[in-house]
Amino acid sequence: MKFGVVAFPGSNCDFDTFYAFHDVMKQPTVWLWHKDHSLKDVDCVVLPGGFSYGDYLRSGAIARFSPLMQEVREFAAKGGLVLGICNGFQVLLELGLLPGAMLRNQHLKFLCRFVSIRLENARTRFTHKGRTGQVLRIPIAHFDGNYFAPPEMLEEIEANGQVVFRYADAEGRLTEEANVNGSLHGIAGLTNRMGNVMGMMPHPERASETLLGSADGRVIFESLISRF
Amino acid sequence: MKVRILVSFKDSVLDPQGQTVKNALHTLGYDAIRDVRQGKVFEIDLAGVSRAEAEKIVPEISDKVLANPIIEKFAWQIIEE
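Source: prediction; values computed, not measured. Numbering of residues starts from 1 in every chain and runs along the sequence as written. To read the labels, note that chains go from A and ligands from 1, taken in the order they are written. Where local features are concerned, this predicted model is filtered to residues with pLDDT of at least 70; where side-chain atom pairs are given and counted, the filter is 80 or more; whole-chain, interface and lining totals use all residues. Side-chain numbers come from the whole structure's heavy atoms, not from hydrogens or water.

Chemist: Which parts of the structure should I look at to understand helix 3 (residues 87–95) of chain A?
Modeler: The α-helix advances 3.6 residues per turn, and as a result positions three or four apart in sequence lie on the same side. Residues and elements named next belong to chain A. Buried residues dominate helix 3, accounting for 9 of its 9 residues. Summary of the burial criterion: residues with accessible area below 20% of their type's maximum are buried, those above 50% are exposed, and those between are partly exposed, where the area comes from a 1.4 Å probe applied to protein chains only. Numbering goes from the N terminus for both helices and strands, where a helix is a DSSP run of H or I of at least four residues and a strand is a run of E of at least two. Taken as a whole, helix 3 has its buried residues at Asn87, Gly88, Phe89, Gln90, Val91, Leu92, Leu93, Glu94 and Leu95. Following helix 3 by one or two positions, glycine 96 adopts a phi angle in the positive range, close to 85°.

This is how it looks when you write it as structure tokens:
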């Protein structure tokens, strides 16, 4: 499984993400520069966290116009695997590869901390090594992670089982308190209808080794690597 | 020609920044303030463009780039012919 990590100006989790795939998971991993026109035959494109283009205009709004993102759009349409983490998730929303939008966190704070998320759908290409209902401890670090979708869109996402992660407490209960940024339905991660594109606000690369305080994020990487 | 484009959240979308500004104004005693919505203003200089062309271009760029139609709406006016 060959991974490609996209670097935009302002990405700041790109090296951590590269390290997680290349050094921790021991997978062939290459860099993809936002001005490139080639995806270098990767099997999975990873959009890392950070502040692409300084978050100017809206988070992820400018990155979607990168030459490489036009390739990513075609790659995704053909069923290619795309994972967006944090700012990468925001880019996928702006690009329209995932439904919805991000608002500023409800209490207007930049949140940088460990959270618990509940795995809602373990039948996806990104989560099949986990089990539905499993609670993962993975850090978040964002200002704009308050997920929003109009009612009809939200209903459709839920009906299709596209919600992959929700903010929860350590026991997996979906409480208002656990929904740290005020996301609708506590949504922390979701896939597109086809199930080949996933975005998530928590950073699995920051929870890929016990030394980092948690290795729970590996379930996503292991799912990607192993046969579906 | 110069146009001014105002991008703001749709009425159905909660605006936590506007809420915070409203609360601050209430703290100062401006009790008459019922609601505050915060937005963005773009002033764009268009070269050699007729009014009809502006009416085509401005909504296009607002929908494609300046606003995210899922959460935001826009309004615009010509501020300099």
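Moving on from the model shown.
Chemist: Looking at this structure, how should I read the environment of A:Pro99?
Modeler: All names here are of chain A. The residue proline 99 is located in the loop between helix 3 and strand 5 (101–103) in this model. Distance from proline 99 to glutamine 162, taken between C-alpha atoms, is 9.9 Å for residues 63 residues apart in sequence. Any two residues whose heavy atoms approach within 4.5 Å are treated as being in contact. Not counting residues up to four positions away in its chain, the partners in contact with proline 99 are Leu93, Tyr147, Met153, Ile157, Gln162, Leu190 and Thr191.

Chemist: Would you mind showing me how to read the sheet that holds strand 10 (residues 187–191) of chain A here?
Modeler: Strand pairing in a sheet is mediated by backbone hydrogen bonds. Such pairs are either parallel or antiparallel. All names here are of chain A. Pairing between two strands is assigned when DSSP locates at least 2 bridges connecting them. One open sheet accounts for 9 strands, arranged 2-1-3-4-11-10-9-6-7; its pairing is mixed. The outermost strands of the open sheet, each flanked by one partner alone, are strand 2 (29–33) and strand 7 (135–142). Pairwise comparison of adjacent strand axes, ignoring direction, gives a mean angle of 25° for this sheet. With 3 bridges joining them, strand 1 (residues 3–7) and strand 3 (residues 44–47) adopt parallel strand pairing. Each bridged residue has a counterpart across the sheet, and for phenylalanine 3 the counterpart in strand 3 is cysteine 44. Here, axes are lines fitted to C-alpha atoms. For helices the fit covers the stretch in contact, and angles between N-to-C directions go from 0 to 180 degrees. Here helix 3 sits on the sheet in contact with strand 3, strand 4 (81–85), strand 10 and strand 11 (197–200), set at roughly 120° to strand 4.

Chemist: Sorry, what's going on with unusual backbone geometry here?
Modeler: All names here are of chain A. The phi dihedral of aspartate 41 falls on the positive side, at around 55°, and the residue is not glycine. Along the chain, aspartate 41 falls in the loop between strand 2 and strand 3. Aspartate 41 sits in the exposed class, given a relative accessible area of 71%. A positive phi angle, close to 70°, is found at leucine 57, a residue other than glycine. With respect to the helices and strands, leucine 57 occurs in the loop between strand 3 and helix 2 (67–77).

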